[in-house]
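Reading the structure
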Amino acid sequence: MQDRSDAEIIGAILQGDVEAYGEIIARYRDRYARYAVRMLGNREEAEEALQGAFVRAYRALGKCTDPERFGAWFHQIVVNECRTYGRRRGNRERRFVDDEAAVASAAAESPDGDHAVRDAIERALARLEPEQREAFLLKHVEDLSYEQMAQLTGVGVSALKMRVKRACDRLREMLDGTHP
Amino acid sequence: MNEREENDWIERVAMRLRGAEALSVGFDRRVMDAVRTSVPPGASRLRRAGGWVVRRRPVLLSPLQALALAAGIAGLAVLGARLAWKTSGDRPAFEARAARHGLGDSTMVQFVLVAPTARSVALVGDFNDWNSQATPLRPASSNGVWTVSVPLAAGRHQYAFIVDGTRWMADPTAPAAVDEDFGVPSSVVTVVEPDRRGDRRS
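Residues numbered from 1 in each chain as written. Chains lettered and ligands numbered in written order. Predicted model: local features only at pLDDT ≥ 70, side-chain atom pairs only at ≥ 80, totals over all residues. Heavy atoms only, no water.

Relative to the helices and strands, Met32(B) resides in helix α2 (residues 27-36). Judged by relative accessible area, Met32(B) falls into the buried class, the value being 7%. (Helix = DSSP H or I, 4+ residues; strand = E, 2+ residues; numbered from the N terminus. Buried < 20%, exposed > 50% of the residue type's maximum accessible area, 1.4 Å probe, protein only.)

This is the structure:
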């Protein structure tokens, strides 16, 4: 049985088949789970943000002018939702030690420890400014072009390049001595 | 580090971050639960096509009939709210004036919907984040009158009713709000400051 296209599923939903949205969720949830987790720092909050994105997209489905490009449209909503969620969370919870020395020493303790290196990288990532972290993840982890990133974020290409560069510089500072 | 070494370093860091992340079991179900209580996204389109396409419709009395029913029901506490009617154009306007009852800056406002075939009715609005679980109405009689009273700050509030968990409707007795988010119908209530002369409950 051939899978339905996004446009077909969305057409069905707009005709009243609410349950068809389950197919959309199954199709897209894994694709953006990684970005949400890296951006927000933990799975629980990433799931909340992702859930929010799916609900927002559902409500605004009538505004998805090109159902063939639902993926790109939804991606924008995910990026936005992660931003909003991150801002709301603010500095209330510092999930990682606010101490650059600790970040570096976590890796130095067991330089061969895979776990420790990964941990140090995640801590450093969490310490980046949100715009820098967002740009770094979209460019280097999600592997998007700057043009795609500009479309997603609404930020200009040169500003994005600057953010990515600053993110890389900051990560190198924080992870000095770490061998990824 | 030269540029190539820098790029290699970045790539190795990024590789560490590319591992897939699994979502918890039940994620899909939670999203669908939230989606089912939302406005059907096709609603605004159906409306523009010239009227609601509905399978069932609650029987609605005229605004005055509904109010008369509600007011006449024994034991229904109006909580100091006096509902004043005035017309603006061809549409009745709904204003709630109320004496303060130690509620600080809030005024108790009563919402009424006549819906005899409904199994549940919820009030949603900007005062409860449009949360369909927050403010259920209670049946006030066997005539299908549903009601709830909520404290509202002075000013303009948008609201609507959700019938049977899925159907979103504006208050037929109130002015319609201009479509804002997502093209869904909703209504407006304006809560004014209580009369300075300190009206007593009539």
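Glancing now at the sheet that holds strand β6 (residues 145-153) of chain B. Residues and elements named next belong to chain B. Within the open sheet, the three strands sit side by side as β3-β6-β5. Their pairing is antiparallel. Strands with a single pairing partner mark the edges of an open sheet, and in this sheet they are β3 (106-114) and β5 (138-139). Here β3 pairs with β6 via nine bridges, running antiparallel. Looking at β6, one finds that Val109 is bridged to Val150. (Pairing = 2+ DSSP bridges.)

In this section: the interface of chain A and chain B. Every contact between the two is made by 40 residues of chain A and, on the other side, 30 residues of chain B. For the chain A and chain B pair, buried surface summed over both sides reaches about 3,700 Å², with 63% attributable to carbon and sulfur atoms. It is Arg59(A), Arg172(A) and Pro180(A) that lose the most area in chain A upon contact with chain B, and together they represent 18% of the buried surface on that side. Here chain A and chain B share six salt bridges between them. A salt bridge links Arg118(A) to Glu21(B); the shortest N-O distance between them is 3.7 Å. Here chain A is connected to chain B by twelve residue pairs in polar contact (both at pLDDT 80 or more). Mapped onto the side of chain A that touches chain B, the elements with two or more residues apiece are α1 (6-14), α2 (21-40), α3 (43-59), α6 (114-127), α7 (130-141) and α9 (157-174) of chain A. The biggest single contributor to the side of chain A that touches chain B is α2(A), with nine residues. (Contact = heavy atoms within 4.5 Å. Buried area = accessible area lost by both parts, 1.4 Å probe. Salt bridge = Lys/Arg side-chain N within 4 Å of Asp/Glu carboxyl O. Polar contact = N/O pair within 3.5 Å; in protein donor to acceptor, adjacent residues only side chain to side chain.)

Looking now at the packing of aromatic side chains. Residues and elements named next belong to chain A. Tallying each qualifying case throughout the model produces 14 aromatic pairs over all chains. Each ring, one from Phe70 and one from Trp73, has its centre 5.7 Å from the other, and the planes form 50°; the classification is tilted. Pair noted here: Phe70 and Trp73 are both in helix α4 (residues 70-89), with a separation of three residues, about one helical turn. Exposure remark for Phe70: the relative accessible area of 0% places this residue in the buried category. (Phe/Tyr/Trp six-rings, centres within 6.5 Å; stacked < 30°, edge-to-face > 60°.)

Structurally, Val18(A) can be placed in the loop between α1 and α2. Of the residues examined, Val18(A) reaches a relative accessible area of 24% and is grouped as partly exposed. Sequence separation between Val18(A) and Tyr58(A) is 40 residues, and the spatial gap between their C-alpha atoms is 9.4 Å. Setting aside anything within four residues of it in sequence, one finds Val18(A) in contact with Tyr58(A), Met32(B), Val35(B) and Arg36(B).

Nothing here speaks to function; it is all geometry.
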